[in-house]
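The lines below spell out each chain.
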Amino acid sequence: QVQLVESGGDLVQAGGSLRLSCAASGSIFSFDAMGWSRQAPGKQRESVAAITSGGSTSYADSVKGRFSISRDNAKNTVYLQMASLKPEDTAVYYCNAVRAGLGMTYWGQGIQVTVSS
């Protein structure tokens, strides 16, 4: 069973930065892509960043230029570096991993990020 565990959530001031980590129970080489999504109370979950096994990245328009996704294969960990944080970034952030050939997506438990003004 795949397990994804997020860490690094916190309360930060607007304009600050934060790094989220997602540790996978197995080698991240087993996933075609990994990414981060977020969900605020009463809102739909929305993808914010993704990285493929080949290292290609993509971002939601709302976070382009502020967020950066990266991975450390040796540590089986994916990171989301967040900078210039805004109150509207406040949400529960979820890590996900995809095995496209199997049509499977796995999710972490979510971690709270709160940005105060």
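That block above? That's the structure.
Predicted model, so just to flag it, every value in this text is computed and none were measured.

> An account of the pattern of salt bridges is requested, with residue identities and associated values reported.
Taken as a whole, this structure holds 3 salt bridges when the rule is applied. The closest approach of N and O atoms between Arg-38 and Asp-89, which form a salt bridge, is 2.9 Å. Taken together, the positions of Arg-38 in strand E4 (residues 33-39) and Asp-89 in the loop between strand E8 (77-82) and strand E9 (91-99) put the pair 51 residues apart, joining distant regions of the chain. Residue classification places Arg-38 among the buried positions, given a relative accessible area of 11%.

> Break down the state of the cysteines for me, citing the residues and quoting the values.
Tallied over the entire structure, the rule returns 1 disulfide. Through a disulfide, Cys-22 is tied to Cys-95; the S-S separation comes to 2.0 Å. Between Cys-22 and Cys-95, the S-S dihedral sits near -80°, and the bridge is therefore left-handed. Residue Cys-22 is found in strand E3 (residues 18-24), and its partner Cys-95 is found in strand E9; the two are separated by 73 residues along the sequence.

> Could you give an account of the sheet that holds E3, with specific residues and numbers?
Taking strand neighbours across the sheet as the criterion, the 4 strands line up as E1-E3-E8-E7 in an open arrangement whose pairing is antiparallel. The open sheet has two free edges, formed respectively by strand E1 (4-7) and strand E7 (67-72), since each of these has just one partner strand. Between one strand axis and the next, the sheet turns by 20° as a mean value, whatever way the strands run. In the sheet, E1 pairs with E3 via 4 bridges, with the strands oriented antiparallel. For Ser-7, the partnering residue across the bridge sits in E3 and is Ser-21.

Conventions we followed
- Numbers given for residues are sequential positions, taken from 1 along each chain in its written order.
- This being a predicted model, a pLDDT of at least 70 is required before a residue's local features are given, and a value of 80 or more before pairs of side-chain atoms are given or counted; all residues contribute to the totals for chains, interfaces and linings.
- Values shown for side chains rest on all heavy atoms present in the structure; no hydrogens or waters enter the calculation.
- By definition, a salt bridge exists where a carboxyl oxygen of Asp or Glu is found within 4 Å of a side-chain nitrogen of Lys or Arg.
- The helix and strand labels rest on DSSP assignments: H or I over at least four residues marks a helix, E over at least two residues marks a strand, and numbering proceeds from the N terminus.
- Only protein chains enter the area calculation, which uses a 1.4 Å probe; residues under 20% of their type maximum are buried, those over 50% are exposed, and those in between are partly exposed.
- Our working definition of a disulfide is a cysteine sulfur pair at a distance within 2.5 Å.
- Here, a strand pair is defined by DSSP locating no fewer than two bridges between the strands.
- Here the axes come from fitting lines to C-alpha atoms, over the contacting stretch only for helices, and the angles between their N-to-C directions go from 0 to 180 degrees.

Any link to function would need more than the numbers given here.
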